[in-house]
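Read off the chains here:
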Amino acid sequence: HNEDYLGYVLPVMPAEVRTRGWLFALADGVGGQDCGEVASRTAIETLIGGFRRAADGEPHGTLLPRLVQSANAKVFETGLSDSPGGTAMCTTVVACALRYDRVVVAHVGDSRCYRIRHGHAEALTRDHTVAAEHVRLGILSAREATQVETRHVLSRSLGNGMVVGVESREHQMVPGDTLLLCSDGLHGPLTSVDIAEIVSSNARLERAVEQ
């Protein structure tokens, strides 16, 4: 069954556009673990709640990593409390917060954020998998990494401990850019070229999603 969960926070008042901005987030419960769907929902609900309670004007560059750490702690604590012996409960997460012409992307695991610009899809995240780490170390080539058995084995995820390594970066956006968040259920069977073509060829994002 599907263990993905997503959520977002939209500005309600014009002032919130300037002081808070937008938040979009997606989590994918780790396959093979207990209660993956609980882990992904817990992570997203923690992120959304924290974003709504954040102080006006807090920089997204510090806010988003802090919220992901809070989500990790909540998933970890939920796993411990859900059963007498503690339940292994893990999830990936990717979140982007937008304000003005800047977007901050934070992630843990192999869920991705793509920026589609001028018909080209660029991954703004890098997978936290054993295979991807081996590519960065020069042990595997990029082609080999797509074929090895460890390509879906995560090197980090939310819920494994009280603290997790959150990767976060800020990027500039220009008119016409599209951001796409997805789990490996999408970027597994589709290449970045496929994703860029589908998004760029559909004026309506709803149609691109359906396709």
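Scroll up to find the structure this text is about.
Description of the structure in this document. (Residues numbered from 1 in each chain as written. Predicted model: local features only at pLDDT ≥ 70, side-chain atom pairs only at ≥ 80, totals over all residues. Heavy atoms only, no water.)

## Describing helix α7 (residues 192–200)
Every buried residue of α7 is accounted for by Ile195, Ala196, Ile198 and Val199. The buried residues of α7 occupy an angular sector of 165 degrees when projected down its axis, which confines them to one face. α7 presents Val193 and Glu197 as exposed residues on the side facing more than 90 degrees away from its buried surface. Packed against the buried residues of α7 are β5 (112–117), β6 (120–123), β8 (178–182), α6 (184–187) and α8 (205–210). (Buried < 20%, exposed > 50% of the residue type's maximum accessible area, 1.4 Å probe, protein only. Helix = DSSP H or I, 4+ residues; strand = E, 2+ residues; numbered from the N terminus. Arc of directions from axis to C-beta. Contact = heavy atoms within 4.5 Å.)

## Focus: the pairing of strand β4 (residues 102–108)
The buried fraction of β4 is high, at 6 of 7 residues. Bridging between strand β3 (residues 91–99) and β4 involves 7 bridges; their strand directions are antiparallel. Residue pairing across strands places leucine 98 opposite valine 103, the latter belonging to β4. If you look at the hairpin formed by β3 and β4, you'll find 2 residues sitting between the two strands, and tyrosine 100 has a positive phi there, around 55 degrees. The sheet contact formed by β4 and strand β7 (residues 167–172) spans 6 bridges and is antiparallel. Among the inter-strand pairings, histidine 107 is bridged to a residue of β7, identified as glutamate 167. (Pairing = 2+ DSSP bridges.)

## Notes on the pairing of β8
On β8, burial follows the alternation: Thr178, Leu180 and Cys182 on one face are buried, whereas Leu179 and Leu181 on the facing-out side are not. Bridging between β5 and β8 involves 5 bridges; their strand directions are antiparallel. Directly across from isoleucine 116, in β8, lies its bridge partner threonine 178.

## Focus on empty space enclosed by the protein
A full pass over the atoms with the stated rule returns 1 cavity of 30 Å³ or more. As for the largest cavity, its lining consists of Thr19, Arg20, Phe51, Ala54, Ala55, Glu58, His60, Leu63 and Arg99. A breakdown of the residues in the lining of the largest cavity according to their chemical character gives 4 nonpolar, 2 polar and 3 charged. (1 Å grid on protein atoms, 1.4 Å probe; cavity = no way out; pocket = protein on both sides within 12 Å on 5 of 7 lines; lining within 4 Å. Points joined across faces, edges and corners; volume = space filled by probe spheres on them. Nonpolar A, V, L, I, M, F, W, Y, C, P; charged D, E, K, R; others polar.)

## Considerations on the layout of surface pockets
Roughly 940 Å³ of volume is contained in the largest pocket. Taken together, 29 residues make up the lining of the largest pocket; nearest its centre are Leu179, Leu180, Leu181, Cys182 and Val209. Breaking the lining of the largest pocket down by element, the ones donating at least two residues are β1 (4–9), β2 (22–29), β3, β8, α6, α7 and α8. Counted by class, the lining of the largest pocket contains 20 nonpolar, 6 polar and 3 charged residues.

## Examining the sheet that holds β5
Pairing is antiparallel across the open sheet formed by 3 strands, whose spatial order is β6-β5-β8. Two strands lie at the open edges of the sheet, namely β6 and β8, each paired on one side alone. Here the average twist between neighbouring strands, direction ignored, is 30 degrees. Packed on one face of the sheet, α7 meets β5, β6 and β8 and runs near 55 degrees to β5. (Axes fitted to C-alpha atoms, helices over the stretch in contact; angles between N-to-C directions.)

## Comments concerning the sheet that holds β4
The strand order across the open sheet formed by 5 strands is β1-β2-β3-β4-β7, and the pairing between neighbours is antiparallel. What marks the edges here is a single partner per strand, and that holds for β1 and β7. Recorded for the sheet is a direction-independent mean angle of 10 degrees between the axes of neighbouring strands. Both β2 and β3 contribute to a ladder of 8 bridges, which runs antiparallel. The partner of alanine 27 across the bridge, within β3, is valine 93. The strands that helix α2 (residues 36–53) touches are β1, β2 and β3; relative to β1, the one it contacts most, it runs at about 10 degrees. With respect to the sheet, helix α3 (residues 60–81) is in contact with β2, β3, β4 and β7, its orientation differing from that of β3 by roughly 155 degrees.

Limitation: the analysis is restricted to geometry and does not speak to function.
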